[in-house]
Amino acid sequence: MTVTVRVPAKVNVQLGVGGLRADGFHDLANVFFAVALGDEVTATAGEPGTGVTLSCTGPDADAVPLDDSNLAARAARLLAAHHGLAATDVHLHIAKAIPVAGGMAGGSADGAAALVACDALWGLGTPVEVLLELAAELGSDVPFALVGGVALGRGRGEILEPLPVAGSYHWVFAVADGGLSTPAVFRECDRLREEAGTGSGDTEVATPDADPALLAALADGDAVALAAALTNDLQPAALSLRPALAATLRAGTEAGAIGALVSGSGPTCAFLAKDADAAEAVAAALRASGSCRAAHATYGPVPGAAVTAGE
Ligand code: C5P
């Protein structure tokens, strides 16, 4: 038996970062936006005694860890443990299109997809509220990959509120050479705040809130207003660790993008275009600029992890 699940990547159209909490996380006002650039995870029943096994294909497959740290494998084990299943013999194949360690929640997406795929393969019918709890245990960005669309993430990003959104938006993602470590980017954000003298703790940094102008732009389907409201509090930290990203952002803007920002903790750069043709032109200009390894035109919002095929 086989089940295939398609799962979207995310870009944060707003990433408001509060102070460092005692538990090592930061409180966020995180507006997640799911895009059609996505991975596919296929779960196949394994031979008895094989446990959870993994394989991966795609341009970045070599960079994907296929050991126990992989979020898809952890998701399969967590779901099995939650239901008290004795046997967890499953092979998970990841067809990877989301940049690895790119700030687009690719690993989280694979974790969410594995939850949905194994739930279907094992005929568990786990309620969505339970899947969301298991997802939050796996990582801050995993619940959103289940939900998709556009949603406000509070807490460390796992407390989700779906947001109203009109229309479709055209995006371009410029993939950098090599990834950035999310904890390292948060640490650099704290360091820059200390250096600036504002402090980095959660008693010193105001708790961030969703920007009303950004929420109105999304509800109105107004791409120009959304472009003007794009913000990412991690962007200075990503640029500090990877100064070359400034040239990538400039190349996309010069090619006609109406908005540009680093995606999440980076190093992928995200560009909003006024329509599909403009997005293709921005992607072509980015490829020609030599300021990124690859550029993909895509769109959103799209739904969260969902079964596409099974037999
Ligand atoms: O939740 P997840 O495992 O994806 O987080 C990875 C790391 O990113 C955390 O260990 C933490 O260093 C950082 N992080 C954070 N604040 C958040 C989310 C993640 O500091 N809200």
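The rules we used
- Residues numbered from 1 in each chain as written.
- Predicted model: local features only at pLDDT ≥ 70, side-chain atom pairs only at ≥ 80, totals over all residues.
- Heavy atoms only, no water.
- UniProt positions renumbered as here; feature names shortened; annotations may be inferred.
- 1 Å grid on protein atoms, 1.4 Å probe; cavity = no way out; pocket = protein on both sides within 12 Å on 5 of 7 lines; lining within 4 Å.
- Helix = DSSP H or I, 4+ residues; strand = E, 2+ residues; numbered from the N terminus.
- Buried < 20%, exposed > 50% of the residue type's maximum accessible area, 1.4 Å probe, protein only.
- Near = heavy atom within 4 Å.
- Areas by Shrake-Rupley, 256 points an atom, 1.4 Å probe, with all protein chains shown as cover.
- Sits in = over half its atoms within 2 Å of the grid points.
- Nonpolar A, V, L, I, M, F, W, Y, C, P; charged D, E, K, R; others polar.
- Pairing = 2+ DSSP bridges.
- Axes fitted to C-alpha atoms, helices over the stretch in contact; angles between N-to-C directions.
- Contact = heavy atoms within 4.5 Å.
- Points joined across faces, edges and corners; volume = space filled by probe spheres on them.
- Core = buried A, V, L, I, M, F, W, Y, C linked by side-chain atoms within 4.5 Å.
- Disulfide = S-S within 2.5 Å.

Side note on the UniProt feature "binding site: ATP" (unreviewed entry) in the protein chain
Here, UniProt's "binding site: ATP" (unreviewed entry) annotation points to Pro99, Val100, Ala101, Gly102, Gly103, Met104, Ala105, Gly106, Gly107, Ser108 and Ala109. Looking only at the residues we just named, the largest cavity is lined by Met104, Ala105 and Ala109. Mapped onto the fold, Gly102 is located in the loop between β4 (90-95) and α2 (106-121). When its relative accessible area of 4% is taken as the criterion, Gly102 is described as buried.

A word on the site of the ligand
Around the ligand, the neighbouring residues are Gly24, Phe25, His26, Leu28, Gly139, Ser140, Arg156, Thr182, Pro183 and Phe186. In isolation the ligand has 460 Å² of accessible area, and contact with the protein removes 74% of it. Most atoms of the ligand, that is more than half of them, are within 2 Å of grid points of the largest pocket. Among the elements that take part in the shell around the ligand, helix α5 (residues 182-195) stands out by supplying three residues, more than any other. A class-by-class count of the residues in the shell around the ligand yields four nonpolar, five polar and one charged.

Structural notes on the UniProt feature "domain: GHMP kinase N-terminal" (unreviewed entry) in the protein chain
UniProt records the feature "domain: GHMP kinase N-terminal" (unreviewed entry) at residues 70-149, using the numbering of this structure. The straight-line gap between the two end C-alpha atoms of residues 70-149 is 25 Å; of that span, 56% is helix and 8% is strand.

Overview of the sheet that holds strand β11 (residues 294-300)
Pairing is antiparallel across the open sheet formed by four strands, whose spatial order is β9-β10-β7-β11. Because the sheet does not close on itself, it has two edges, and the strands there are β9 (259-262) and β11. Across the sheet, the mean angle from the axis of one strand to that of its neighbour is 25°, orientation sign disregarded. Where strand β7 (residues 169-175) lies against strand β10 (residues 269-273), five bridges are found, and the strand directions are antiparallel. Paired with Ala174 across the strands is Cys269, a residue of β10. Running over the sheet, helix α9 (residues 245-254) touches β7, β9 and β10 and is turned about 10° from β10. Sitting on the sheet, helix α10 (residues 276-289) touches β7, β10 and β11, and the angle it makes with β7 is about 10°.

Let's talk about the layout of surface pockets
Here the largest pocket defines a volume of roughly 1000 Å³. Leu71, Ser108, Asp141, Thr182 and Pro183 are, among the 40 residues lining the largest pocket, the residues nearest its centre. Of all the secondary-structure elements, those providing two or more residues to the lining of the largest pocket are β1 (2-20), β2 (26-45), α1 (71-82), α2 and α5. Tallied by class, residues from the lining of the largest pocket come to 16 nonpolar, 17 polar and seven charged.

Overview of the pairing of β1
When you tally the buried positions in β1, you get 17 out of 19 residues, the bulk of the element. One ladder, built from 16 bridges, connects β1 with β2; its direction is antiparallel. Looking at the pairing, Thr4 lines up with Thr42 of β2. Adjacent in sequence and paired antiparallel, β1 and β2 are bridged by five residues, among which Gly24 carries a positive phi angle near 90°. Two strands pair when backbone bridges link them, and β1 and strand β8 (residues 231-232) are joined in this way by two bridges, in the parallel orientation. The residue of β8 that forms the bridge with Gln14 is Thr231.

Concerning empty space enclosed by the protein
Within this structure, the stated rule accounts for one cavity of 30 Å³ or more. Size it by volume and the largest cavity reaches roughly 40 Å³. Every residue along the wall of the largest cavity is listed here: Pro8, Ala9, Lys10, Met104, Ala105, Ala109, Asp141, Phe144 and Ala145. At the level of secondary structure, the elements contributing two or more residues to the lining of the largest cavity comprise β1 and α4 (142-147). Here the element with the most residues in the lining of the largest cavity is β1; it accounts for three residues. The residue inventory of the lining of the largest cavity, partitioned by class, reads seven nonpolar, no polar and two charged.

Comments concerning the nonpolar core
Phe33, Val35, Leu92, Trp171 and Leu226 are the most contacted members of the largest nonpolar core, which totals 65 residues. At nine residues, α2 tops the list of elements feeding residues into this core. In this structure, Ala174, Val185, Leu234 and Ala238 belong to the second largest nonpolar core, which totals 28 residues.

Notes on the state of the cysteines
Put plainly, a disulfide is one covalent bond tying together the sulfur atoms of two cysteines. Within the structure shown, the criterion is met by zero disulfides. The thiol of Cys56 is unpaired, and the distance to the nearest cysteine sulfur, on Cys118, comes to 16 Å. Residue classification places Cys56 among the buried positions, given a relative accessible area of 15%. A disulfide-free cysteine, Cys189 has its sulfur positioned 17 Å from the sulfur of Cys269, the nearest such atom. Cys189 gets classed as buried once you look at its relative accessible area, which sits at 4%.

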